[in-house]
Every structure is written in structure tokens, then in C-alpha cells.
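Report on the structure
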Amino acid sequence: MARFVFITGGVVSSLGKGIAAASLGALLQARGYKVRLRKLDPYLNVDPGTMSPYQHGEVYVTDDGAETDLDLGHYERFTGVAATRADAFTTGRIYSEVIAKERRGDYLGGTVQVIPHITDAIKEAIQAETEGYDFVLVEIGGTVGDIESLPFLEAIRQMGNELGPQRSLFLHLTLVPYIASAGELKTKPTQHSVKELLSLGIQPQILLCRADRPLPENERRKIALFCNVRPESVIPALDADSIYSVPLQYHAEGLDREVLRHFNLSFYGEPDMRRWERIVHAIRNPEGEVTIAVVGKYTNLLDAYKSLHEALIHGGIAHRVRVKLDWVDSQIFEGGDAAAVQRLEGVHGILVPGGFGERGTQGKIEAVRFARERRIPFFGICFGMQMAVIEAARNQAGIPEASSTEFGPCAEPVVGLLTEWQRGNMVEKRREGGDLGGTMRLGAYPAVLAEGSLVREVYGGVAEIRERHRHRYEVNIAYRERLEAAGLVFSGLSPDGVLPEIVERPDHPWFIGVQYHPELRSKPFDPHPLFAGFIGAAVKQARLV
Ligand code: GLN
């Protein structure tokens, strides 16, 4: 039966709870255990699908098509375990399920309350599909003390009681700030945060203390004494040069040992950390550097492109180069300003990522054109692929009115809306003007790769792939002949041949556009072939310039 580790955060937000949870997952895995990670988010949105990436960061999509929090991306990158719909839920989803039941009359006239109905639904969701796992790590979003997270904390308190310490552990991540005027690290915020948890009936057994410098033994003892934990269970979590060094760091501080000790499991012997040592070694000892321009709209917010950023780093690990990212706002190419284009001179690769809405598109199209004309490696992802298609249609195929219906009705819908969908034998209907939540093509779908294509070579010769999607519009297959005659080849299609999944240019050193999001499946220990291929092409380009 699975053991549950509940991970809460205190003092301030943005302490990196997701990385902490993912790193513990990696450590337990390196000890030979089977792990699964979950995230509970205390907001009322049913899922993050309709939330702005400006506010909430990237929407991470699972194979089974759930739109989830970006922390699930960290979980997958650190453990390689593919997350599912069951691994993320929000207060909104819990409430909507309970309210739907209430409407159906399932509560037989009883009063429906936060305790026990909401907390029962939370407990059920936490324990669903956990059979066969040794550990389930459950991260509670938000900061202890928020009104929002109370039902979640109450539910895990109850679970702790029901399962007992043999099957549950509370781990609390806090901040130990350095106060320059005193020249000291301060433990009081940690003490208060643990007090707050205690007032809710939760005694954490392990504290992970974020600090920007080593925690003196004295402070460690003080935290242990005041927070009622063993001194060895006060684990310093110092700032790291790379997120991928965190598992090694936590291991050195004894985190896995303390977790196993708590569960009365043997903690002798060492976990197999070779995978992490190799990754960190490659990151710290690059043999060169390439510059990639990422031309997008949300470029001022790194979290909006979290997986993309990581996947590019993974591509660098594959070639032992440092990948320097130049985040360029596409709108700078729209004023006809020649100086703006110079921003792209000398970069070794140009990437146009996913995006929504018309603003900034003209600039993205200009960036595609620049990459095509200057023979700079180009990678278009989702919206970026759609822009590459529009660029070819307008500038090469003689279709000046080519556009996407995403920007309004147009004469030449080279990219358009499909109102009907085939998934297995289930037909999903989409209506124009319907709900925005849950109306996209989401999750893993297969694509067939054309023989002799660059993309097939990039994927190591396989004929069929499965990749994750998140988009509403599709490249219109009706334009295939005209676009191919102009040099843009459709080298990957849905198995029924209706949906263009991949385009490429045989007359260009490396030019690929994909309708899906390959960045969601890239791992530091298993870089996605498209990112490895793109960075490989950038390395060649760097030798040329
Ligand atoms: N806006 C485009 C669509 O909905 C692309 C989406 C994306 O890049 N994820 O089809």
C-alpha cells in the first residue's frame, strides 16, 4: 500500500515546492521505489486551462489531455513518470464535483458541508489510482495560513490520522532569511509557519529550509527544538546553480535518509545518483555555447514557457553546450524597423513557440521569414508552426490573404477551426462561440512521419510518434499542394491523413514546424529528439558564423 508524503509550504510563496517534491521523487526512485507525484491547487478555477500564462505560468498538458499546473512538468522531468488527469486537482474541480452530486440528489437531502463532504472528496481524489506505488508525494499549492488551502490541509490532517505515521509523512518547506543588518539567518518565520500548521493539527516531521547560505548547526538545533522535529530532519535547502543539482544536494543533506527512517525502511546503502551526476556535470562543463532567439509574446515571463526553456537546456545537455536564450518580443519586428531585425543577426537558431491571439503575429511571421531566407535553424511549435505555414503561403505560394481564422474570418483560411473531431471512435463536437474551457484538442495524438523526411531522421527512423497537443486551430490540408510546390513539405500527418502535424523545408539546413508541444515530454536524462536535433543544428550554425 502506498505511503503518502504531504508537502506544504510556509512563510512565502515561490520557494520551489514543485522542484522540492520532484527532487524527493527522484531520490526515492534512485533508491528503487516506485513513486507518483500529485498537485492540489487551492484556487476556484476548475483547471488552469483558462488562466493566463502571465499570471499562472505555463499550462502543462498530460497524455490524457488534462490541463494542469506547471509543477507537473517538473514531476515528469525529474522522475520520467507520465502524469495523468488524476495527478492534479483544484478546489474548483472538487467543488464542482460535489455540487454536481448535490444536484443529482446523491446526498439524499442531507446538508452538504466543507467538512465532511469537500474534505472526503479531497481524500478520495488523493488516494485514487495509487495502487502499486510505494510512495505518493502530494504537494499542496499555496502557503500555509492562506484561507484557500484550509480544506486541503484539513483533509491531509485527517489522512495523517487515518493512515498513521507508518503510511504518512508531513514535510514542510520554509524560508530561513538572511538579515544583513544582523548578519544572521533568522529562524523565527519558520517557527511561526510550523506553529500555524500545528494550529491546524499538523505536526511536520521534516523541515526543508530554503536559505541562501549554509545553516549553522546552532540554528538547525534551534529550529528542531522549537518546531518539535529531530535536528537531522531539519534539512538545509540552499540555492542551487541548476534545478537538476537539487536531488544531489538534498541527498547530501540526508533528505532521503530521513524520509526512509520515518517510514522504518532501511536507509543503508546509497541511491543510484549517476543519472543526476551526469546531467549536472554536462551543465557545469559545457564545451561551447549557442544562442537561440525565442520569438514570442509572453517573453517577459519565463514561467509562461517553463517546459520550453527546460527542453532547450536538455538539447544543450545532449550536445554538451550551454544554450543561451534570447527572449525576443515579436512586436519589435512590426514597425518595419531595420535595427530590430539585427537582433536576430548572429543567433544560431530561431524558435517561435506556442501562443494565442493575433497580437504580435506579424512579427512572428517576419522572424520565420528571416530564418528561412538566412538559412538559420528554425523550430516552430504549435502557433509557431502555424505562423511558418502562413509565412510560406503569403510570401512563397502567392496567397497574400492567407491567415488563421483565429484572428477573424478570412478569405484564405490556411489555418482554421475544425468543428468536429475524431478521437478513437468518439466524436467531439466544437461550436464556435462555445465555452472556452475544455474546447481544445488536448493530449497525446499519433502522427505518421513521411519516409525520407528530416523529422523521421530526427526521431531515429520511427514511422509513428505520439505527442501532446493543446490548440484549437489546425493547418488546412486543402492548401497542401500549393504549399508543397512552394517548398514547405507536410512531413507528418495524423494517421487518417487529414491533419497536418509537421512541416519542414528540404531546401533548408534545419526548418521544422510541429503542431504539438514536444517540450512537454523532454527530460534532462532523455532530451527530446526535436530539441536535441534543433540544438545540434544550432551547433553547426555556430561553426559557420
Ligand atoms: N492559438 C493556436 C491554436 O489554438 C495555437 C495554440 C498553441 O500554440 N498552443 O490553434
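Residues numbered from 1 in each chain as written. Predicted model: local features only at pLDDT ≥ 70, side-chain atom pairs only at ≥ 80, totals over all residues. Heavy atoms only, no water.

This brings us to the overall build of the protein. A count of helices and strands for the protein gives 18 helices and 25 strands. Scaling as 2.2 N^0.38, a compact globule of 545 residues should have a C-alpha radius of gyration of about 24 Å, and the protein matches this with 25 Å. Here the C-alpha coordinates of the protein stretch approximately 75 × 65 × 45 Å along the principal axes. Sequence-distant contacts in the protein: of pairs separated by 6 or more residues, those separated by 24 or more amount to 72%. Carbon and sulfur atoms make up 49% of the accessible area of the protein, which totals about 22,800 Å². Here the protein contributes 61 positively and 70 negatively charged side chains, and the mean placements of these two sets differ by 3 Å. (Helix = DSSP H or I, 4+ residues; strand = E, 2+ residues; numbered from the N terminus. Rg over C-alpha atoms; globule rule 2.2 N^0.38 Å. Contact = heavy atoms within 4.5 Å. Areas by Shrake-Rupley, 256 points an atom, 1.4 Å probe, with all protein chains shown as cover. Lys, Arg positive; Asp, Glu negative; His and termini not counted. Charge placed at Lys NZ, Arg CZ, Asp CG, Glu CD.)

Attention now goes to the layout of surface pockets. Over the atoms, a rolled probe matching the size of one water molecule traces out where space is still vacant. Its volume calculated, the largest pocket comes out at about 980 Å³. Contributing to the lining of the largest pocket are 43 residues, with Ser 14, Leu 15, Gly 16, Lys 17 and Asp 71 lying nearest its centre. Looking at the lining of the largest pocket, the elements with two or more residues in it are helix H1 (17-30), strand S2 (35-41), helix H2 (53-56), helix H3 (71-79), strand S11 (234-238) and helix H9 (246-252). By residue class, the composition of the lining of the largest pocket is 17 nonpolar, 15 polar and 11 charged. (1 Å grid on protein atoms, 1.4 Å probe; cavity = no way out; pocket = protein on both sides within 12 Å on 5 of 7 lines; lining within 4 Å. Points joined across faces, edges and corners; volume = space filled by probe spheres on them. Nonpolar A, V, L, I, M, F, W, Y, C, P; charged D, E, K, R; others polar.)

Note that Lys 364 resides in helix H14 (residues 361-374). For the buried Lys 364, no salt bridge exists, and the shortest N-O distance to an oppositely charged side chain is 8.0 Å, to Asp 329. Not counting the four nearest positions on each side in its chain, Lys 364 is found in contact with Val 295, Gly 296, Lys 297, Ser 330, Val 352, Gly 355, Phe 383 and Met 387. (Buried < 20%, exposed > 50% of the residue type's maximum accessible area, 1.4 Å probe, protein only. Salt bridge = Lys/Arg side-chain N within 4 Å of Asp/Glu carboxyl O.)

This brings us to the side chain of Arg 470. Among the structural elements, Arg 470 can be located in strand S21 (residues 464-471). Within polar-contact distance, the side chain of Arg 470 engages the side chain of Glu 67 at 2.7 Å. Sequence-distant contacts of Arg 470, defined by excluding residues within four places in its chain, comprise Gly 49, Val 59, Val 61, Glu 67, Phe 356, Cys 382, Met 440, Arg 441, Leu 442 and His 517. (Polar contact = N/O pair within 3.5 Å; in protein donor to acceptor, adjacent residues only side chain to side chain.)

Before going further, it helps to examine the pairing of strand S10 (residues 206-211). In terms of residue burial, S10 counts as a mostly covered element, since 6 of its 6 residues are buried. Relative to S10, strand S7 (residues 168-175) is paired through 5 bridges, and the arrangement is parallel. Its bridge partner being in S10, Thr 174 is matched across the sheet by Cys 209. As paired elements, S10 and S11 share 5 bridges and run parallel to each other. Paired with Arg 210 across the bridge in S11 is Ala 237. Chirality of the crossover, the property in question, places the unit of S10, helix H8 (residues 217-227) and S11 among those that are right-handed. (Pairing = 2+ DSSP bridges. Right-handed = clockwise from strand over helix to strand, strands pointing away.)

All residues in the neighbourhood of the ligand are listed as Gly 354, Gly 355, Phe 356, Cys 382, Phe 383, Gln 386, Glu 406, Arg 470, His 471, Arg 472, Tyr 473 and His 517. Between Gln 386 and the ligand, the recorded distance is 3.1 Å, taken from a side-chain N or O atom to an oxygen atom. For the ligand, whose accessible area on its own is 290 Å², the fraction buried by protein is 99%. By residue class, the composition of the shell around the ligand is 4 nonpolar, 5 polar and 3 charged. (Near = heavy atom within 4 Å.)

A few words now on the packing of aromatic side chains. For the structure shown, the criterion picks out 17 aromatic pairs. Look at Trp 276 and Phe 525: their rings are 6.0 Å apart centre to centre, the planes differ by 80°, and that puts the pair in the edge-to-face class. Of this pair, Trp 276 sits in helix H11 (residues 274-284) while Phe 525 sits in the loop between strand S25 (511-514) and helix H18 (529-544), placing them 249 residues apart in sequence. Trp 276 sits in the buried class, given a relative accessible area of 2%. Grouping aromatic residues by their ring pairs yields a cluster made of Phe 78, Tyr 244, Trp 276 and Phe 525. Sitting over the ring of Phe 135, Arg 3 keeps its end group 5.3 Å from the ring centre. (Phe/Tyr/Trp six-rings, centres within 6.5 Å; stacked < 30°, edge-to-face > 60°. Lys NZ or Arg CZ within 6 Å of the ring centre and 35° of its normal.)

On to unusual backbone geometry, then. With an omega of 15°, the peptide bond running from Ile 115 to Pro 116 counts as cis. With respect to the secondary-structure elements, Pro 116 resides in helix H5 (residues 114-127). Here Cys 382, not a glycine, exhibits a phi torsion of approximately 55°, which is positive.

The values are spatial; any link to function lies outside them.
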